[in-house]
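Structural overview
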Amino acid sequence: MKYLAYVGTCSVRGSKGIYLLSVDTDSGDMKTEATAAAINSGYLAVRPEGYVYTTFENMTFHGYACGGVGAYRVTKRADGYEIRMQNCVPAAGQLPCHISLSADGKEAYVSSYLNGCLGIHRIAEDGSILEAHKVIKHHAEDGIWPSVHCAVPTPDGKYLCVVDVKLHRIVFYERQSGEFDEAGRLQLPPPYDYRPRQIVFGRQTAYVVTEFGRDMLALHYDDKAPSILQETQRFALVPREFSPMTGAYAACVRLSPDKGLLAGSVRGYNLITTFAADEQGWISRPVYNRTAGDGPRDFNFTPDGKALLIGGQFSDTMELARVDSQSGTLETIASGFHLPSCSCVCFEKQTDEGGHGGEEYAESRRAS
């Protein structure tokens, strides 16, 4: 199968910003189709109508003490693809490290690592992103400064789930009214240096990777009582027999499209650890897979769930690996494709009709 993948990068070692790759999971061929200038495009979110949104993970933006957020339009032309900036606006805080979208694509949620801020941005009819109309601010407690690292809507759309990596908690904000009042929280138990980093939702279960703890947590989620988020399982992402390593931090958690396979990455050890996830959300059978590249900060499943595209942040390479859904093992299809300092991987299916169909989407919006 052929797919389009969007890759965000840190602006080092010759990075061109946002990359659009074509990926063939049968042959292993990868090709850069287009690039777009973006300074530290740390995290991406894709709308299927032909838009990609990025954080500018910086300390300043146009002279202000904050990072930024950008909207880009992606179109397919006779001579290939083009990624063009639609607009950009300030983020709510400095070092914005994560962005996600509402299910209808009308809102974006931007997490700022340094200031403990979450900006809620509306997306206009033309796909451009507006300045944050609401900001949720976490505050220092007991001498610990907040750091919002991830915010995603719950599957039912009722709440926005926010992970604070330094305050060691997960907070739910009610989103349907637009007020975003706090609806519940889970304060994770000691040790407080485990640092919850990213979260994904499965079947009545949320899965969290802890950055320094290098664990995968399974948390029971009840949409009728989000304040009663309960830890049910905890697995190590690194085998016990591995020697301690400085700088070996967990980075990313992803769930396969069918929700049957869970995966988390650990930099330093260069591992992607997979787990089987059953119908009730229970996980089992950890499999520790070594990556070909160095520093798997981010990776993602292809839309059919049969392969992973893995970014080597420190080796400046991309790796494509086949996924055995039964055993959880990964088999490298291709590795060594040069791409500087990958920080985020997002997929969009490429079809004979031109993939996302940006121009067709624009016409349908004008017609309606």
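Residues numbered from 1 in each chain as written. Predicted model: local features only at pLDDT ≥ 70, side-chain atom pairs only at ≥ 80, totals over all residues. Heavy atoms only, no water.

1. A look at the overall build of the protein
Applicable threshold: Comment: elements are numbered from the N terminus, with helices defined as DSSP H or I runs of at least four residues and strands as E runs of at least two. Both definitions apply: the radius of gyration is a C-alpha atom measure, and the globule rule equals 2.2 Å times residues to the power 0.38. Using a 1.4 Å probe on the protein chains alone, a residue whose accessible area is under 20% of its type maximum counts as buried, one over 50% counts as exposed, and one in between counts as partly exposed. Throughout, a contact is declared for two residues whenever any of their heavy atoms are within 4.5 Å. Per-residue and other accessible areas follow the Shrake-Rupley method at a 1.4 Å probe size, with only the shown protein chains counted as cover for residues. Charged-residue counts in this description rest on Lys and Arg as positive and Asp and Glu as negative, His and the chain ends being excluded. Taken as the charge centre is NZ of Lys, CZ of Arg, CG of Asp or CD of Glu, depending on the residue.
On a plain count of helices and strands, the protein comes out with 1 helix and 28 strands. Over its C-alpha atoms the protein spans a radius of gyration of 19 Å, differing by no more than 12% from the 21 Å that the globule rule assigns to 368 residues. For the protein, the spread of C-alpha atoms along the three principal axes comes to 55 × 45 × 40 Å. Out of the 368 residues in the protein, the part that is buried amounts to 58%. Partitioning the contacts of the protein with sequence separation of at least 6, the portion at a separation of at least 24 is 48%. Working note: accessible area of the protein is about 15,200 Å², and carbon and sulfur atoms make up 49% of it. Of the side-chain charges in the protein, 36 are positive and 44 negative, and the distance between the mean point of each set is 2 Å.

2. A word on the pattern of salt bridges
Rule in force here: For this document, the term salt bridge refers to a Lys or Arg side-chain nitrogen within 4 Å of an Asp or Glu carboxyl oxygen.
Evaluated as defined, the whole model comprises 15 salt bridges. Here the residues in one salt-bridge network are Arg77, Glu82 and Arg84, joined through shared partners.

3. Notes on the confidence of the model for the protein
Formally: Along the chain, pLDDT gives the predictor's confidence residue by residue, from 0 to 100.
The predicted model of the protein has a mean per-residue pLDDT of 92, with 95% of residues at 70 or higher. Per-residue pLDDT stays below 50 along residues 350-368; that stretch engages in 36 contacts with residues further than four places along the chain or on separate chains.

4. Here's the deal with the sheet that holds strand β4 (residues 41-47)
Note the following rule: Should DSSP find at least two bridges between two strands, the strands are taken to pair. Axis lines are fitted through C-alpha atoms, for helices just across the contact stretch, and the angle between N-to-C directions can take any value from 0 to 180 degrees.
With antiparallel pairing, the 4 strands of this open sheet are ordered in space as β4-β5-β6-β7. Edge positions in the sheet fall to β4 and β7 (80-90), since each has one partner strand and no second. Here the average twist between neighbouring strands, direction ignored, is 25 degrees.

5. Re the sheet that holds strand β27 (residues 330-338)
Taking strand neighbours across the sheet as the criterion, the 4 strands line up as β24-β25-β26-β27 in an open arrangement whose pairing is antiparallel. The outermost strands of the open sheet, each flanked by one partner alone, are β24 (296-301) and β27. In this sheet, adjacent strand axes meet at a mean angle of 20 degrees when their direction is disregarded. Bridge count between strand β26 (residues 317-323) and β27: 6 bridges; the pairing is antiparallel. Counted as the bridge partner of Leu320 is Ala334 from β27.

6. Side note on unusual backbone geometry
You will see that Asp142, though not glycine, has its phi angle at about 55 degrees, which is positive. Looking at Asp142, the relative accessible area reads 81%, which means it is exposed. Despite not being glycine, Asn270 has its phi angle at roughly 55 degrees, a positive value. Within the secondary structure layout, Asn270 lies in the loop between β21 (261-266) and β22 (271-277).

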